[in-house]
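Each chain, letter by letter, is given below.
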Amino acid sequence: MIEVTLKVNGEEVTRSVDDRTLLVTFLRDELGLTGTHVGCDTTQCGACVTIVDGHTLKSCTALVASLDGAEVTTIEGLAPGEDTLHPVQAAFRTHHGLQCGFCTPGMIMTAVDMIRRHGSDLDETTVRHELEGNLCRCTGYHNIVKAILAAAREPAAAGTF
Amino acid sequence: MTEKLFRHIGKPVERKEDARLVTGKGRFSDDFRLAGQAHAAIVRSPHPHARIRGIETAEALSSPGVLLVLTGRDCLDDGLEPIPHNPVPSTKYDMKLTAPGGGVPFIGPHHLLPDDKVRHVGEAVAIVVAETQAQALDGAERVLVDYEILPHVIHSEDAIAAGAPAVWDEVPENAFVDTRFGDWKGTERAFEQATHVVSAKFHVNRVTAVPLEPRSALASFDVETGRYVLYAGSGGAVRQKRELSSVLGIDPSRLRVLSYDVGGNFGARNRVYVEFGLVLWASQKLGRPVKYTATRSEAFLTDYQGRDLVTTVELALDEDGRFLALRADNISNVGARCVSLSPLSKGSGLITGSYDIPVAALRARAVFTNTMCTQAYRSSGRPEVTYAIERLIEIAARRLGFDPLELRLRNLVPPEAMPYRNAVGSIYDSGEYEKNMDRALVIADWAGFEARRQAAAERGKLLGRGFANYVESSIGTPKERAEITVKPDGTIEVVIGTQPSGQGHETSFAQVVAEMLDAPVENVTIVLGDTDVVSVGGGSHSGRSMRHAGTVMAMASADLVAEARRRAAELFDAPEEDVSFEGGRLVLPGTNHAVDLFELARLTERDHGPLFAARTNEMHTPVFPNGAAACEVEIDPKTGLVEITRYASVDDVGRCINPLIVHGQTHGGIAQGVGQAMWEECHVEPSSGQPVSGSFMDYGMPRSDNMPSFICEIAEVISPTNPLGIKAGGEGGTTPALAVVTNAVIDALRDTGVEDLPMPLTPLTVWKAIRHGAGHTDEDTRTTS
């Protein structure tokens, strides 16, 4: 067992965990943050993407013990308030960028990071290239790409997480 | 229903379900956890075919944290029944499949765990339950199974060859269905008189649905009440309850199944999985909740798979290119046991496609092999036969010197022939096939192709274009029930037995009820997925949900309005026939008597109970969604890499309730069809019987960087078969895509002389064709790579 302290969605949490605990297991089982999903357990589908210390991280392949002191944002911590969506979340809804919704948290976290880095210059080719590590089986990506491009044009979307 | 201006139907209403799904508040099966839950791991067969001589569990039981180990012998000792899959489609309009020589086919009993033999790699042979997931996995490693390895067979044609190993002793020849349809003599005569006969043989490869959420189940058993609860996402909780209670040998009232958010289905979740029964059984034996969640590799090995049809088709034509007759021989590989014959049956009814072919004959066979079971997968059976006829037409045009589009136009079923009975007896309800075709060519800018081809050639690339028409059928379980309650708090609750897995029922169904009861969409709540609330329901498959649910909700709404008028008449002390329903209010014209539905519910609750209506409806008549699609591909001749540069489709879905949702369904459908044509394959190595596509590293998926944006249009030719005029959406994206992409790739390679290439059209396949032309063989790979 090992003790870890993380700041998750702005709140400091300390837990004693089995050494082999993955970040995603920690979030889902220890903290009950089940919005982060496991679609493949081999770092290929991207349903588990979270933002750790300002960068996207596939949480199914990181040992939580290696992240002591890190700051983690999950899908649950993205919206600014109970009744307000983050602009990327709102864009996914407006443009029907989700169907079953299982890949969606990972898609949104990846998109937030993409928009932070590229801002309003983001174009379709870049979105399609950078989204390659996030799999979706429902949408054919068409409306996801559309939603991300629309969100990138929202001034509020950049740098908020 | 008369044409009128709709307020909610046909509007691109944003989805109600998204608020929870974009904020991480969805309720997927693995998100549930119960106090004291234990974890299950499954011991799986490493062999495609082997006799189980014995299973040693002592070492596993002494492994840290292990609580329980169960095998096929325990399954028999406890009297568990096989899963009652009921695989033969049996509505009035389904093509009737029978055993060779007639009769009910033997399907291979599906016990939760086998006691005699394993019949495919990955088959569950034992369940290990432990305190933690890791301990369960460690325990599973310590279960020792003594196998006697038997010869195996993987491909359907090998399975029906003389001397092939029998998967089931009961069916030594492996072919357990053999049925003939159509007019064999008439077809033979037409072929004898034909100027041209063109034939081809195709293998529509085996793929898997890959819903992004791995299947998962959490079971608990209450010792005091003797009741089981199962949290398990599926295509329909009512079916899971019925079949799993039969497996356990309990009255269905003792099992509650909860299926909330479901992370994709596409057919794979419509049948019962053994693990769902296993966790129920284990939870009862242990007196603790038990959870199982599949890994992605377990999903690749043991999710119900799709397609795998070998089809031989022959087309007879006259000298002008009129189609005279079609003959087909279809062999479906169902895997180790039969869980569904839907693909073979659906395809059987549509072998003539969108074309007016006077006679046809079909032999349909289904065979067992030592592979995972196949099931209906998105657009069950229709992409297979669409591929066969649309590829055959392309080959015929090329061999006989016809323009492929002209050849299609000359033979399309015309709108004035609707309803049209095809040569195997399916009755197409409505459709304007030529109009679809014209429109698809316009939005794909078919006419601008030559300029783009030249521009690509200047860059050293090969541009090709492909086209296909399609018609498909939506039949599905005929029964559906809706219960509608108007609540005094201003909401309307609708209980319905379908089960969405991303199709947006909570929104589109609410639009229908809001329309009928003249209420805001946001006030209507759809309740699904809890068998304690939902008693009847066919689930979601075969594009049935919107049509069946829409119809029964419209009927129940009409009943509700009638009940409201009765109550209002009493309230107003006026004759019932004088009360009218306008703008969501009950009104007595010429007076100031008026009350809205919610207020009426409040005022009359004490005397008459909740303002409520329920209706169960059975609807057998199928509908035939149809359309056309075109695409362009650009090939790099140096590497064989294919890029899809353009994809356009026109889909007649009948009345469209929510275009935002229908377009989304079409996009996803296209991606799944394109995926099969381009990358996807559940490859099983024939000599070892080992599946080699076990992860996202070796199963090619549609990704954001290999898919184009789509150009899609909805055509609404209202179906005369149901009150709302609905056909179905979503599967139409998939149905023509296999043929469209293949036709485009072959077109790009026209200078090589290659007439056909097998799916998936990987760079290696395409590169070999470019390098060696029509004469390429598999040997070439070895000698040149």
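If you're wondering where the values come from, they're calculated on a predicted model, not measured in any experiment.

Caption draft 1: Up close: the pairing of strand β5 (residues 124-130) of chain B. All names here are of chain B. In terms of burial, β5 is largely enclosed, as 7 of its 7 residues are buried. The pairing of strand β3 (residues 66-71) with β5 spans 5 bridges and is classified as antiparallel. Each bridged residue has a counterpart across the sheet, and for V69 the counterpart in β5 is V128.

Caption draft 2: Fine view of helix α16 (residues 545-572) of chain B. Residue and element names in this part refer to chain B. When the terminal C-alpha atoms of α16 are compared, their 39 Å separation across 28 residues agrees well with the 40 Å that a helix rising 1.5 Å per residue should span. Among the 28 residues that make up α16, 20 are buried, leaving the element largely enclosed by the rest of the structure. Just beyond α16, the residue with positive phi is D573, at close to 55°.

Caption draft 3: Fine view of the domain arrangement of chain B. Once the domains are mapped, chain B shows domain 1 (18-25 + 476-618), domain 2 (32-150 + 223-294), domain 3 (169-209 + 304-421) and domain 4 (429-474 + 622-785). With centres defined by C-alpha atoms, the gap from domain 1 of chain B to domain 3 of chain B works out at 43 Å.

Caption draft 4: Region of interest: the sheet that holds strand β25 (residues 611-618) of chain B. Residues and elements named next belong to chain B. The strand order across the open sheet formed by 4 strands is β21-β20-β19-β25, and the pairing between neighbours is mixed. The open sheet has two edge strands with one neighbour each: β21 (524-527) and β25. Adjacent strand axes in the sheet meet at a mean angle of 15°, parallel and antiparallel pairs treated alike. With 4 bridges connecting them, strand β20 (residues 492-496) and β21 associate as parallel partners. Counterpart to I492 in the pairing with β21 is V524. Along the sheet face, α16 touches β19 (479-486), β20 and β25 and points at about 145° away from the line of β25.

Caption draft 5: Highlighting the domain arrangement of chain A. Residue and element names in this part refer to chain A. Under the domain assignment used here, chain A contains domain 1 (2-76) and domain 2 (87-157). Averaged C-alpha coordinates put domain 1 and domain 2 at centres separated by 22 Å. The partner domain 2 presents 15 residues to the 18 residues of domain 1 that form the contact. Here domain 1 and domain 2 share an interface that buries about 1,200 Å² over both sides, 62% of which is from carbon and sulfur atoms. There are 0 salt bridges connecting domain 1 and domain 2. Seen at the junction of domain 1 and domain 2, the total is 5 residue pairs in polar contact (both at pLDDT 80 or more).

Scoring rules and cut-offs
Residues numbered from 1 in each chain as written. Chains lettered and ligands numbered in written order. Predicted model: local features only at pLDDT ≥ 70, side-chain atom pairs only at ≥ 80, totals over all residues. Heavy atoms only, no water. Buried < 20%, exposed > 50% of the residue type's maximum accessible area, 1.4 Å probe, protein only. Helix = DSSP H or I, 4+ residues; strand = E, 2+ residues; numbered from the N terminus. Pairing = 2+ DSSP bridges. Expected span 1.5 Å × (residues − 1). Domains from an automatic or database assignment. Axes fitted to C-alpha atoms, helices over the stretch in contact; angles between N-to-C directions. Contact = heavy atoms within 4.5 Å. Buried area = accessible area lost by both parts, 1.4 Å probe. Salt bridge = Lys/Arg side-chain N within 4 Å of Asp/Glu carboxyl O. Polar contact = N/O pair within 3.5 Å; in protein donor to acceptor, adjacent residues only side chain to side chain.

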